[in-house]
Number of protein chains: 2
Amino acid sequence: MSDSGFASLPKPPYYAVIFSSRRSTQDDAGYAQASQRMLEVAAQQSGFLGAESSRDADGFGITVSYWTDEAAIARWKAQSEHAAIRERGRWLWYSHFEVRVAKVERAYGQVRAGLE
Amino acid sequence: MSDSGFASLPKPPYYAVIFSSRRSTQDDAGYAQASQRMLEVAAQQSGFLGAESSRDADGFGITVSYWTDEAAIARWKAQSEHAAIRERGRWLWYSHFEVRVAKVERAYGQVRAGLE
């Protein structure tokens, strides 16, 4: 489970925040910096379990962050630096985003050495 | 909500299958064809609500498919063509994958014209 990109998560139940977005064409440098910073800040939050993120060449991306419970998500939403950066996302970085908050009930996976 | 890439979903509750994966370096053509075909077959399944997908340049991707309920997910898992293609994924297309099945409890979003 040490493959970069994958979150190493406990057994369910836990919560997932599924953030789908299309990037605007604006402020690539500021966006990249803020994305990195948000991950660093999230990782310091109590209740943060991990995150996975992918963005394709067309600018459509999905980031899923994982949390112990709804209370941890609420604390993250209220975190001041996160709230400030989120506002920039709303009016600058994203032409469209959708957020779905979900309770993970079961999980499974597979790692195969030699297929890299 | 007609932005390509985004699923148009009903109000929660509904279910999400979060599929995170790293592509192997093998069989790009077969993988691309099967991915397209799976979306077509899924769209014909009862209980299928939509899907969103992103894969970055490093081969790490997230696909989230949305379903009315657990029973619809179980029917999809048993669908014969899907089961056959899934087997190829297991030993050929993915070096690592993780699946999390979650119940979406709430959702919100924002579309901003003029930011494309």
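Residues numbered from 1 in each chain as written. Chains lettered and ligands numbered in written order. Predicted model: local features only at pLDDT ≥ 70, side-chain atom pairs only at ≥ 80, totals over all residues. Heavy atoms only, no water.

Caption draft 1: Just the nonpolar core, in detail. Of all hydrophobic cores here, the largest spans 24 residues; its most connected members are Ile18, Val64 and Tyr66 of chain A together with Ile18, Val64 and Tyr66 of chain B. If you list the elements that add at least two residues to this core, you get β1 (14–23), β3 (60–67) and β4 (94–111) of chain A together with β1 (14–23), β3 (60–67) and β4 (94–111) of chain B. Discounting residues that sit within four places of it in the chain, Val64 of chain A has contacts with Ala16, Val17, Ile18, Gly50, Ala51 and Glu52 of chain A together with Ile18 and Ile62 of chain B. Met38, Trp67, Phe97 and Val99 of chain A belong to the second largest nonpolar core, which has 20 residues in total. (Core = buried A, V, L, I, M, F, W, Y, C linked by side-chain atoms within 4.5 Å. Buried < 20%, exposed > 50% of the residue type's maximum accessible area, 1.4 Å probe, protein only. Helix = DSSP H or I, 4+ residues; strand = E, 2+ residues; numbered from the N terminus. Contact = heavy atoms within 4.5 Å.)

Caption draft 2: Region of the structure containing the pairing of β3 of chain B. Residues and elements named next belong to chain B. Extensive coverage of β3 is indicated by the burial of seven of its eight residues. Of the pairings in the sheet, the one linking β1 to β3 comprises eight bridges and is antiparallel in character. Residue pairing across strands places Ala16 opposite Tyr66, the latter belonging to β3. In this structure, strand β2 (residues 48–55) lies alongside β3, joined through seven bridges in antiparallel fashion. (Pairing = 2+ DSSP bridges.)

Caption draft 3: Structural view of the interface of chain A and chain B. Taken together, the 54 residues of chain A in the interface contact 54 residues of chain B. Of the roughly 4900 Å² buried between chain A and chain B, counting both surfaces, carbon and sulfur atoms make up 50%. Applying the counting rule to chain A against chain B returns four salt bridges. Of the charged contacts in the structure, one is a salt bridge between Arg100 of chain B and Glu52 of chain A, with a shortest N-O distance of 2.9 Å. Taken together, chain A and chain B are joined by 33 residue pairs in polar contact (both at pLDDT 80 or more). Elements represented by at least two residues in the side of chain A that touches chain B include exactly β1, β2 (48–55), β3, α2 (70–78), α3 (80–93) and β4 of chain A. It is β4 of chain A that provides the largest number of residues to the side of chain A that touches chain B, a total of 18 residues. Considered class by class, the residues forming the side of chain A that touches chain B number 25 nonpolar, 14 polar and 15 charged. Pairing analysis gives 15 bridges linking β4 of chain A to β4 of chain B, with the strands arranged antiparallel. The partner of Val111 of chain A across the bridge, within β4 of chain B, is His96 of chain B. (Buried area = accessible area lost by both parts, 1.4 Å probe. Salt bridge = Lys/Arg side-chain N within 4 Å of Asp/Glu carboxyl O. Polar contact = N/O pair within 3.5 Å; in protein donor to acceptor, adjacent residues only side chain to side chain. Nonpolar A, V, L, I, M, F, W, Y, C, P; charged D, E, K, R; others polar.)

Keep in mind these numbers describe shape, not what the thing actually does.
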